[in-house]
Amino acid sequence: MSQIENVLHESRRFQPTAEFQARARINNEITYQRMYRQSLEDPEGFWGRIARELPWTAQWTKVLDWSKAPFAKWFVGGQINASAACLDRHLATPVANKVALLWEGEPGDTRQVTYSELADEVGRLANGLRSLGVKKGDRVAIYMPMLIESVVAMLACARIGAAHSVVFGGFSAQALRERIQDGGCTAVITADGGFRRGQIQALKPAVDEALLGLKEVHSVVVVKRGGNPVGWKEGRDHWYHELTKQSSSNCVPEAMDSEDVLFLLYTSGSTGKPKGIVHTTGGYLVGTYLTFQHVFDIRPEDIYWCTADIGWITGHSYVVYGPLQNGATVFLYEGAPNTPHLGRLWEMVQKHKLTILYTAPTAIRTFMRWGDEHPGRFDLSSLRLLGTVGEPINPEAWMWYHRVIGRERCPIVDTWWQTETGAIMITPLPGLTATKPGSCTRPFFGVDAAVVDEKGQELATNQGGFLVLKRPWPSMLRGIWNDPERYVQTYWGKFGHMYLAGDGSRRDEDGYFWVMGRIDDVLNVSGHRLSTMEVESALVSHPKVVEAAVVARPDELTGQAICAFVTVRSGEKVGPQLKVDLGEHVAREIGKLARPAEIRFTEALPKTRSGKIMRRLLRDIAAGVETVGDTSTIEDYSVLAKLRADEE
Ligand code: WTA
């Protein structure tokens, strides 16, 4: 395999405004360089100093033990409870009476809790769970809509030392069952249902189905939200409101070892069964604490919104553990972005005067397709910072976000990281870094990232290759649940001493990283390796296109030929002429080599429930073969059926 060629040329650059820069924590290159250098030259000193800001109940004896690599131990011997780090630490400070969670339901109902109220509620549920027999070392599945109680559930588990395993509420009963079984969960926290697109999406029936014959699960706690009728198993099922009403709010947090498991979170591998990514307590808290503080340059008056569901790592690290450790006010929204109208999100930004918005490229492209008039109707002047995560962002989507949402004032932090990394790894610092649309820019403190070739040799400027992390970091995964061998193979098998992220990337002349998509998705046309991201970005830069996915299909002549699946803006006409135009456009932007051999227009692309395009499925469609492997994470099966029907 040769290197990935770099064909995307993006020369726009954006400096933070002088006003933003003036107030930012880190706003000059010298400070950044000094801190970055310290973090690499003396990582134990650097991370030890940061960790001392957290409320440990027992001091660690060693910052990092890497003697059993790739199994790391951070803050060896230290003890800390994650719920105490998020709640109790604020209770003797003015933050106690500050709003911790501000929530809006899809029907428009709202609720808020202060840090001290949240601490009480967590204490009550923690005691309630204990009374049901849940104890330190157990695993508890959480299958919920986005509610205040969902955050309470996570923190209550943490308080009593039970690991939570949050399963996204959109997953099926079967997917839930597999995850409950694999994780060995003994209790489930769920809701009757939640509001989604104007209807009740029932959850409890899926739990009942998932638990059929699973005797290991002794308790199910049910939040009443949807008001929909639910089946009930006496002895096993308990209403949340009854359980917490009987309990005291005073719950002494369990003393947790730094390396005790805080949570499992399942992520789909490219094939095969989902992996239960294991995160432990101390290092994860330190990583999410520091990244949240600097990447969002958080201030006391901010009202911060990360649109991720708690079912994803972004929801864990940047809805719950990062923000709450920092005493931030977090906004939560239960429902769909298009209910009851396409401007719903912007209406909430205006209504609650939200200051920071962190969302995903897939959402940004959707808003682009809906049209500028929807955000245009609302006052977005409260926003001061924007963020993105989850996929490479196409420069045109970045520009739209910058212009239409940020109104050209707000820095954009394009944050690269993974479920496995636990915290943000490569990112701009908003008051310092000059951003370039499509680049996640530079490594965060303590992150030693590089782009290497097949043999692990570092590549020259602008050469595309494997993105690796060359040393352990506090919030790194500690393994795959029940499968240490798969952990070693997947992430450390290729290079041994370097963590393989599985993404392709290049690094430009300023040392900025440009993530090019998953290595497995790379195209190989006439011996040239091209990144999906770059060809897709060329397509998206055409004014009629909002979203594109390209895959390779076998071709006798060129080895592989590019097949593009394209979604156009609302109201645009598709037809043979547009195919010709798009082919020309790509040829002009990148070169003839990248001109798709085939273009198919589609209303929607198959995506995972967290919004990533499932190119694996598109590859099968392009090649005209049946899909094998796991499709349980696809968001909308009808998209797949429709793409297949279009073939005939
Ligand atoms: C991709 C989400 C480019 C990447 C936190 C990574 C990104 C995978 C970015 C992890 C970004 C995430 N730029 N690509 N800013 N952020 N990715 O586990 O391929 O859901 O490996 O974690 O998303 O996805 P995960």
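Here is what the cut-offs are and how they apply
- Residues numbered from 1 in each chain as written.
- Predicted model: local features only at pLDDT ≥ 70, side-chain atom pairs only at ≥ 80, totals over all residues.
- Heavy atoms only, no water.
- Helix = DSSP H or I, 4+ residues; strand = E, 2+ residues; numbered from the N terminus.
- Pairing = 2+ DSSP bridges.
- Buried < 20%, exposed > 50% of the residue type's maximum accessible area, 1.4 Å probe, protein only.
- Near = heavy atom within 4 Å.
- Polar contact = N/O pair within 3.5 Å; in protein donor to acceptor, adjacent residues only side chain to side chain.
- Areas by Shrake-Rupley, 256 points an atom, 1.4 Å probe, with all protein chains shown as cover.
- Nonpolar A, V, L, I, M, F, W, Y, C, P; charged D, E, K, R; others polar.
- Axes fitted to C-alpha atoms, helices over the stretch in contact; angles between N-to-C directions.
- Parallel < 35°, antiparallel > 145°, perpendicular 65-115°, else oblique.
- Contact = heavy atoms within 4.5 Å.

Caption draft 1: Representation of the environment of A460. Residue position: A460 is located in the loop between β20 (449-452) and β21 (465-469). Remark: the alpha-carbon pair of A460 and R507, spanning 47 residues in sequence, is separated by 8.1 Å.

Caption draft 2: Region of the structure containing the sheet that holds strand β25 (residues 523-525). Read across the sheet, three strands follow the order β1-β26-β25 without closing on themselves; strand pairing throughout is mixed. Edge strands, defined here as strands with exactly one partner in the open sheet, are β1 (4-5) and β25. Looking at chain direction, β25 and strand β26 (residues 528-530) are connected through three bridges and run antiparallel. Following the sheet pairing, L523 is matched in β26 by L530.

Caption draft 3: Spatial organisation of the environment of V222. Secondary-structure assignment places V222 in strand β11 (residues 219-223). The class of V222 is buried, set by a relative accessible area of 0%. Residues V222 and S172, 50 residues apart in the sequence, show an inter-C-alpha distance of 18 Å.

Caption draft 4: Region of interest: the site of the ligand. The immediate surroundings of the ligand are formed by 16 residues, with D414, T415, Q418, T419 and D503 found nearest. T419 places a polar side-chain atom, nitrogen or oxygen, 2.6 Å from an oxygen atom of the ligand. Take D503: an N or O atom from its side chain is 2.8 Å from an oxygen atom of the ligand. About the coverage of the ligand: the protein hides 91% of its 530 Å² of free accessible area. Elements with a contribution of two residues or more to the shell around the ligand: α11 (313-325) and β24 (513-518). Here the shell around the ligand is built from residues that sort into six nonpolar, five polar and five charged.

Caption draft 5: Main features of the packing of helix α2 (residues 29-41) against helix α3 (residues 43-51). Two elements in contact, α2 and α3, have axes separated by 5 Å at closest approach and are oriented at 115°. By the angle between their directions, the pair α2 and α3 is classed as roughly perpendicular. Between α2, through M35, Q38, S39, L40 and E41, and α3, the contact on the second element is made entirely by P43, F46 and R49. Each residue belonging to the contact of α2 with α3 can be placed in one class, and the counts come to four nonpolar, two polar and two charged.

Caption draft 6: Helix α13 (residues 361-370), seen in detail. Burial runs high along α13: nine of the 10 residues are buried. Within the sequence span of α13, burial applies to P361, T362, A363, I364, R365, T366, F367, M368 and W370. Just past α13, the residue G371 takes up positive phi, approximately 110°.

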